[in-house]
Amino acid sequence: MTQANSLLSLDSDLMAEQSVLGAVLLDNDRIDEIRFLEPRDFTGAHEMLWRVIDYLDSIDKPVDIMTVTEMYTRTEKRKEEFVQLGGVSYLSQLTSGCPSSSKAAVDSYARIVRKNGNRKRIRSLTDKIRDEVDGDYETEEEMFSAVEELVSDIRPQESGEMRSMSESRQAYKKHLTSVAERLRTGFKQYDEWSQLHRGWLYILAGRPSVGKTAKALQLAYGVAKHNPDGGVVLVFSLEMGENELKDRWVSSIAGVNYVRLTQKKEELTEDEHRRIDKALDELDGLPIYVQDKPGVTIDDIRATVRRFKKKHGKIAAVFVDYLQIMNIPQRKNEHRAQAIGKVTSTAKTLSRQYNFCFVMLSQMTRESDNGEEPKLSDLKESGSIEQDADVVEFLWHKRGDLEDNCKVVRSYFAKGRNVGENRFRYKFEWWYQRYKELDRVSGEGVLGGKKNRK
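Worth saying up front: this structure is predicted, and the values here are computed from it rather than measured.

S.K.: Could you clarify how one ought to interpret unusual backbone geometry in this entry?
M.R.: What you tend to see is this: most non-glycine residues have negative phi, and most peptide bonds are trans. One non-glycine residue, aspartate 60, lies in the positive phi region at around 60 degrees. Secondary-structure assignment places aspartate 60 in the loop between α3 (45–58) and α4 (65–72).

Structure representation (structure tokens):
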């Protein structure tokens, strides 16, 4: 836009920009009502003019022809831009030619500017996508992720809307009466205390052989069984094949000895086969989906979540077994813990965006294998994991702690958003790959909201 053509345009799209700019020069209060606009929504010299207006408002300076002119004449470069805009004459034309500075009118003009800005960005996206497609990617998913990031960048950067207590009252009442935000697991003591919450990143940590996978599979089965309208349950198994997971589920549900099921199949009795078929019938009726691909990335998980959300409407929970063996790319000079932090941060964002509970299994450090109650610092590569997690549950075993000659596994919730810490005890019936709740030991756990330690 030059001085030669600085008269107000008859083009309706450009007129919308001119009307917005003229209105805020006439009435500064209109700026607060159209905060959704971004500089990139404007075209040509109008983009810089909006930046100047927005800056003046941000430092509590009046926005008018005088102050805007003063900002433009501070440097030689700005003076040139002001000449290209049309100078004081053009600013005067903006105010005199503004059709209306009423709240409703300015909002209408601003909506046109935002719509045109979105269209402009979408049109320019095609060339960028073409460049990305020609890039060097190890997997197709990396390519799709890069394209999705471009699309995400052009989306409007909406700011949150402030609401009064009275305006949010009905939504809060609905929140109080809703049970859909929580997911029952089938573990009676835990469900009475907390339950899994949608939007949570839940870390289930333990040393090898303590039974992390068995607990996770029991949770996945419990969520699918006890929340009939809760949505699908997705299980990403990076270490075990699908049939190995089914072995564990079937052993637990059917009550068939795990060793016989996996190593002595030829000795299974007719009654055991009947119970196995019954367990398989139950599993077939549950909305559980398994992927046993090794080296899964967080982008793979995001793509799968998006696909299942579109197809099934709701996702109850996503399980990943386990975090440290995911395919986690590291940039040059990036520490492993930083790369893991990007994964847990993305996992947390996904759980909130798609409203499901994200359960990630995690390793613990070798130093934690001392029979003592774990600490958050015992999480392997712990920094970002404990920061991003809403809940961290440790499974651990105190040497010599047995119940009916069976290992007792202790559960310690070291971090619990909105629920605090707690402790539970389980008898791990390894021959069924099944956890069975034990009564509390006096002095342990959280009773009445107060932490008690043995």
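Once the structure has been displayed, the description carries forward.
S.K.: How should I be thinking about the packing of aromatic side chains in this particular structure?
M.R.: To describe a pair of aromatic rings, one takes the distance between the centres and the angle between the planes. Enumeration over the complete set of coordinates arrives at 16 aromatic pairs. Here phenylalanine 356 and phenylalanine 358 contribute two aromatic rings whose centre-to-centre distance is 5.7 Å and whose plane-to-plane angle is 40 degrees, an arrangement assigned as tilted. The class for phenylalanine 358 is buried, based on a relative accessible area of 0%. Counting every residue linked through ring pairs, the aromatic cluster contains Tyr190, Trp193, Tyr202, Phe413 and Phe424. The positively charged end of arginine 111 is found above the aromatic ring belonging to phenylalanine 36, 4.0 Å away from the centroid. The residue whose ring lies beneath lysine 215 is phenylalanine 187, and the NZ or CZ to ring-centre distance is 5.3 Å.

S.K.: Where do I start with a negative patch on the surface in this structure?
M.R.: Taken together, Glu239, Glu242, Glu244 and Asp292 make up a surface patch of like negative charges. Position of glutamate 244 relative to the elements: it lies in helix α12 (residues 242–254).

S.K.: Sorry if this is basic, but what is going on with the pattern of salt bridges here?
M.R.: Opposite charge on two side chains makes pairing possible when the charged atoms of those side chains draw close. For the structure on display, the rule yields 28 salt bridges. A salt bridge links lysine 188 to glutamate 192, with the shortest nitrogen-to-oxygen separation between them at 2.6 Å. Note that lysine 188 and glutamate 192 are positioned in helix α10 (residues 188–193) at a spacing of 4 residues, about one turn of the helix. As far as burial versus exposure is concerned, lysine 188 and glutamate 192 are alike and both exposed. The salt bridge partner of lysine 215 is glutamate 393, with a shortest N-O separation of 2.7 Å. One end of the pair, lysine 215, is in helix α11 (residues 212–226); the other, glutamate 393, is in strand β8 (residues 391–396), and 178 residues separate them in sequence. Comparing lysine 215 with glutamate 393, the two get one shared label, buried.

S.K.: Sorry if this is basic, but what is going on with α4 here?
M.R.: An α-helix turns once every 3.6 residues. As a result, residues three or four positions apart point the same way. The set of residues buried in α4 consists of Thr67, Val68, Thr69, Met71 and Tyr72. Here the buried face of α4 lies against α1 (12–26), α3, α5 (76–85) and α6 (87–96). By the N-cap criterion, in which a side-chain oxygen at the helix start approaches the backbone nitrogen of a residue two or three places on, α4 is capped by aspartate 64, the distance to methionine 66 being 3.1 Å.

S.K.: In this structure, what is going on with the pairing of strand β3 (residues 201–206)? I would like to understand it.
M.R.: The side chains of a regular strand alternate between both faces of the sheet. The buried count for β3 comes to 6 of 6 residues, which makes it a mostly enclosed element. With burial as the criterion, each face of β3 is covered, one bearing Leu201, Ile203 and Ala205 and the other bearing Tyr202, Leu204 and Gly206. Of the pairings in the sheet, the one linking β3 to strand β7 (residues 357–362) comprises 5 bridges and is parallel in character. Across the sheet, isoleucine 203 pairs through a bridge with methionine 360, a residue of β7. Note: β3 against β8, 5 bridges, orientation parallel. Counterpart to tyrosine 202 in the pairing with β8 is valine 391.

S.K.: Help me understand the packing of α1 against α3, please; the structure alone is not making it clear to me.
M.R.: Packed helix pairs are specified by the crossing angle of their axes together with the interaxial distance, meaning the distance between the axes. At a minimum axis distance of 11 Å, the contact between α1 and α3 shows a crossing angle of 20 degrees. In this view, α1 runs roughly parallel relative to α3, as classed from their interaxial angle. Crossing geometry of α1 relative to α3 is assigned as left-handed. Contact with α1, carried on its side by Leu14, Glu17, Gln18, Val20, Leu21 and Val24, involves His46, Leu49, Trp50 and Ile53 of α3 and no other residues of that element.

Parameters and conventions
Residues numbered from 1 in each chain as written. Predicted model: local features only at pLDDT ≥ 70, side-chain atom pairs only at ≥ 80, totals over all residues. Heavy atoms only, no water. Helix = DSSP H or I, 4+ residues; strand = E, 2+ residues; numbered from the N terminus. Phe/Tyr/Trp six-rings, centres within 6.5 Å; stacked < 30°, edge-to-face > 60°. Buried < 20%, exposed > 50% of the residue type's maximum accessible area, 1.4 Å probe, protein only. Lys NZ or Arg CZ within 6 Å of the ring centre and 35° of its normal. Patch = residues over 30% accessible without salt bridge, like charges linked within 9 Å, V, L, I, M, F, W, Y side chains within 5 Å. Areas by Shrake-Rupley, 256 points an atom, 1.4 Å probe, with all protein chains shown as cover. Salt bridge = Lys/Arg side-chain N within 4 Å of Asp/Glu carboxyl O. Lys, Arg positive; Asp, Glu negative; His and termini not counted. Charge placed at Lys NZ, Arg CZ, Asp CG, Glu CD. Contact = heavy atoms within 4.5 Å. Polar contact = N/O pair within 3.5 Å; in protein donor to acceptor, adjacent residues only side chain to side chain. Pairing = 2+ DSSP bridges. Axes fitted to C-alpha atoms, helices over the stretch in contact; angles between N-to-C directions. Parallel < 35°, antiparallel > 145°, perpendicular 65-115°, else oblique. Left-handed = near helix turned anticlockwise from the far one by under 90°.

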